[in-house]
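Here is what each chain is made of, one letter per residue.
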Amino acid sequence: MLKPVDNAVRETRKLDGLWQFKIAPTGLGQAQKWYQQALSDAREVPVPSSFNDLFPELAVRDHVGDAWYQTTLRAPNGWSGQRIVLRFDSATHRATVWLDERELVSHEGGYTPFEVDVSDWVKPGQAHRLTVCVNNELHWHTIPPGRVVNTADGRKSQQVFHDFFNYAGLHRSVWLYATPHAHIADISVQTSYSAPAGTVDYRLELQGEGSVRVVLRDAHGEVVANAEGPQGQLKVDTAHAWGPGQGYLYSMEVEFGSDRYSLPVGIRSVEVREGQFLINGQPFYFTGFGMHEDTAIRGKAHDPATMVHDFALLGWIGANSFRTSHYPYAEEVLEYADRHGIVVIDETAAVGMNMEIARKLAGSKDLPDELYSEQAISKATQATHLQAIRELIARDKNHPCVVMWSIGNEPDLRPAGSREYFAPLVEATKALDPTRPVTLVNVMMVGPEEDTVADLLDVLCLNRYWGWYAEGGDLQSAELALEQDLRSWVDKYPGKPIVITEYGADTMPGLHSILPSMWSEEYQRDLLTMHGRVFDRLPAVVGEQVWNFADFATSQGIMRVGGNRKGVFTRDRQPKAAAHVLRQRWTGFQKP
Ligand code: BDP
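Predicted model only: the values in this text are computed from it and were never measured.

Calculation notes
- Residues numbered from 1 in each chain as written.
- Predicted model: local features only at pLDDT ≥ 70, side-chain atom pairs only at ≥ 80, totals over all residues.
- Heavy atoms only, no water.
- Helix = DSSP H or I, 4+ residues; strand = E, 2+ residues; numbered from the N terminus.
- Rg over C-alpha atoms; globule rule 2.2 N^0.38 Å.
- Buried < 20%, exposed > 50% of the residue type's maximum accessible area, 1.4 Å probe, protein only.
- Polar contact = N/O pair within 3.5 Å; in protein donor to acceptor, adjacent residues only side chain to side chain.
- Contact = heavy atoms within 4.5 Å.
- Salt bridge = Lys/Arg side-chain N within 4 Å of Asp/Glu carboxyl O.
- Near = heavy atom within 4 Å.
- Nonpolar A, V, L, I, M, F, W, Y, C, P; charged D, E, K, R; others polar.
- Pairing = 2+ DSSP bridges.
- Axes fitted to C-alpha atoms, helices over the stretch in contact; angles between N-to-C directions.
- Left-handed = near helix turned anticlockwise from the far one by under 90°.
- Core = buried A, V, L, I, M, F, W, Y, C linked by side-chain atoms within 4.5 Å.
- Expected span 1.5 Å × (residues − 1).
- Arc of directions from axis to C-beta.

Caption draft 1: The arrangement of the overall build of the chain in detail. The number of helices and strands found in the chain is ten helices and 30 strands. Relative to its length of 592 residues, the chain is compact, with a C-alpha radius of gyration of 24 Å against a globular reference of 25 Å. With the C-alpha coordinates of the chain rotated into their principal frame, the extents come out at 70 × 70 × 45 Å. The buried share of the chain, taken over its 592 residues, is 60%.

Here it is, written out as structure tokens:
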């Protein structure tokens, strides 16, 4: 799916800004046809933003149901005769859109874009009413799953099975854009690199008639290869590879009839071989974090200032990678990673398929007994999940920074039905993109003898909390247990590389302790250092990503004090003591 761009023939207009807004019980506004007129009793909210933290009102923060958004849309006069498209970069977790009184489109899934051709309805120069109903409920069949229950006094309450606040709203930009009617609908590239040569295999999806020309330019604008036709290969004899720390991008310029699109392309290869994760044939060791899209006030909204600052902190600390835990991030983040040579593990929003964790987080005792069943994670969930994978790959397939797909986080892979649920999804991911390794992030409670899916994965991604949820306060025992745990995976799956995708400790900034004590800055520092020692003793470990980059908001509960405090940075991005230790370890890091 192509991101809207401005060029000689294409134009964009962002609809971001203050929109009219109103929360409502699920279905009420549809029944009363609120899209037929100006929203009554509405107030202004910014787009993009989560709505939850904007007002000092419990009913807004904890709202479960619909959130109505409305604005006036006007396409420029100059767009007459063009194809006009309305695009939402995300609407969390689902939305229905009306233009004036006409229902245009609905979309399920809170973290991937959707768009609709509005050429027949939008009259350039004319004002149109744009109404969006966003719904934030999570159910067993949604991704992520959750459960809506009724409180004793008849309100709706959302139980989430994952450990981050269920922020909702229009989190990313809304666009109107114009292209010629005969247009380039999609571009897919797959690259390979074997020093010094590189190739770019491309495939175009075209609507309408026209001749096709494809030109590849280097970063100086020099033409290095060209081709004709909707499918082909561009060869570069002496290629400048994209790689970690090397955000070198070519631009692939596509001409189709009068349409133009220029796609940034990084030439690189990714391969898992003999226990190593190879980028451009070289062993790569991941350093970095699991992150979150999470800041004060705006919640999960994409914000360029936060993005630039977070990447600067990644650079400062010597991180070369991150995981988009636990959902696809704004596409701008991937573009930035492309340009700056940061390596990304790209994850779907399938998080929380785990009753043991759900019980702790949702505080609920009456969850179904069987996780993979019609009452819980069902065929319907699997269908939503597959669609989420399709949409993730459709959006992100051309980003060189993305080196691996993670189809989910910490599902319980012990119960009956887990393999039947996940095996087809792993297979589908590999079929959709044969060029990238596929993983599914393993939870500590599922050991190598119990995990029903690990044999299908290219890389073992393990989340481990020795010294925190187990052996808490005793780093000596934690060190022994961690090493034993990891060696059991190496024994069972010799030759499969391991990335530790989570490890860490909740830490209150400013809390200090002479002796190792949980929650202190020293404890987090020592726990991370201990993990580093163990990883260095195990050649199979090809990466370490600390949980988490920064403190983040969660649901309320007895496990969390003002959110999850496992950040190496605070929520406002100040370093805890551990940040300095990681910086020392990661700057110029070489696996021993
Ligand atoms: C893991 C989850 C992550 C949590 C983390 C924690 O993958 O989302 O935030 O543990 O408990 O289970 O801090």
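Once the structure has been displayed, the description carries forward.
Caption draft 2: Quick look at the side chain of Q382. Inspection of the secondary structure assignment puts Q382 in helix α6 (residues 379–396). A distance of 2.8 Å separates the side chain of Q382 from the backbone oxygen of Y421, its partner in a polar contact. Beyond its immediate chain neighbours, meaning those up to four positions away, Q382 contacts E420, Y421, P424 and L425.

Caption draft 3: Local environment of the pattern of salt bridges. Taken as a whole, this structure holds 43 salt bridges when the rule is applied. A salt bridge links R260 to E255, with the shortest nitrogen-to-oxygen separation between them at 3.9 Å. Owing to a relative accessible area of 30%, R260 belongs among the partly exposed residues under this scheme. In this structure, a network of salt bridges that share partners links the residues E479, E483, R487, R533 and R537.

Caption draft 4: Fine view of the site of the ligand. Near the ligand, the surroundings consist of 13 residues, among which D163, H326, E410, Y469 and K566 are the closest. Contact between the ligand and E502: an oxygen atom at 2.7 Å from a side-chain N or O atom of the residue. For the shell around the ligand, the class distribution of residues is four nonpolar, four polar and five charged.

Caption draft 5: Geometry of the sheet that holds strand β17 (residues 231–236). Strand order in the open sheet made by the three strands is β13-β14-β17, with antiparallel pairing throughout. Unpaired on one side and paired on the other, β13 (183–194) and β17 mark the two borders of the sheet. Averaged over neighbouring strand pairs, the angle between their axes works out to 20° when direction is ignored. Two strands pair when backbone bridges link them, and β13 and strand β14 (residues 197–207) are joined in this way by eleven bridges, in the antiparallel orientation. Within β14, the residue paired with S188 across the bridge is R203.

Caption draft 6: Fine view of the packing of helix α3 (residues 304–317) against helix α4 (residues 331–340). Remark: α3 packs on α4, axes separated minimally by 11 Å, with the N-to-C direction vectors making an angle of 40°. In this structure, the crossing between α3 and α4 has a hand that is right-handed. Across from M307, V308 and F311 in α3, the residues of α4 making contact are E332, V333, Y336 and A337. By residue class, the composition of the contact of α3 with α4 is six nonpolar, no polar and one charged.

Caption draft 7: Quick peek at the nonpolar core. Among the nonpolar cores identified, the biggest contains 111 residues, and F277, F289 and F422 are the most heavily contacted of them. Counting 33 residues, the second-largest nonpolar core is a separate cluster that includes V60, L86, L99 and L104.

Caption draft 8: Structural context of the pairing of strand β5 (residues 83–88). Most of β5 sits out of view: six of its six residues are buried. Inspection of the sheet shows β5 paired to strand β8 (residues 114–117) by four bridges, in the antiparallel sense. Following the sheet pairing, R87 is matched in β8 by E115.

Caption draft 9: Layout of the side chain of T12. Looking at the secondary structure, you find T12 in strand β1 (residues 11–14). Take T12: its relative accessible area is 18%, and that puts it in the buried class. At 2.7 Å, the side chain of T12 and the side chain of D6 are in polar contact. Here T12 is in contact with P4, V5, D6, W79, W175, L176 and Y177, once residues within four sequence places are set aside.

Caption draft 10: Main features of the sheet that holds strand β20 (residues 270–273). Here we have three strands laid out as an open sheet, ordered β20-β21-β22, and antiparallel in their pairing. The open sheet terminates on both sides in strands that have one partner only, identified here as β20 and β22 (282–283). Across four bridges, β20 lies against strand β21 (residues 276–279) in antiparallel orientation. Across the sheet, residue E271 finds its bridge partner in β21, namely L278.

Caption draft 11: Region of the structure containing helix α8 (residues 475–492). With 18 residues, α8 extends 26 Å from end C-alpha to end C-alpha; this agrees with the ideal 26 Å at 1.5 Å per step. Of the residues making up α8, those classed as buried are L475, A478, E479, A481, L482, E483, D485, L486 and W489. On its buried face, α8 is in contact with β28 (460–463), β29 (498–502), α9 (521–537) and β30 (541–547). Backbone nitrogen of Q476 and a side-chain oxygen of the N-cap are separated by 3.2 Å at the start of α8; the cap is D474.

Caption draft 12: Structural view of helix α10 (residues 577–586). Within α10, burial applies to A578, A579, L582, R585 and W586. Relative to the axis of α10, the buried residues are bounded by an arc of 125° and lie together on one face. Of the surrounding elements, those touching the buried residues of α10 are β23 (286–290), α3, α9 and β30. Positive phi appears at G588, one or two residues downstream of α10, with a value of about 70°.

Interpretation in functional terms is not warranted from these geometric data alone.
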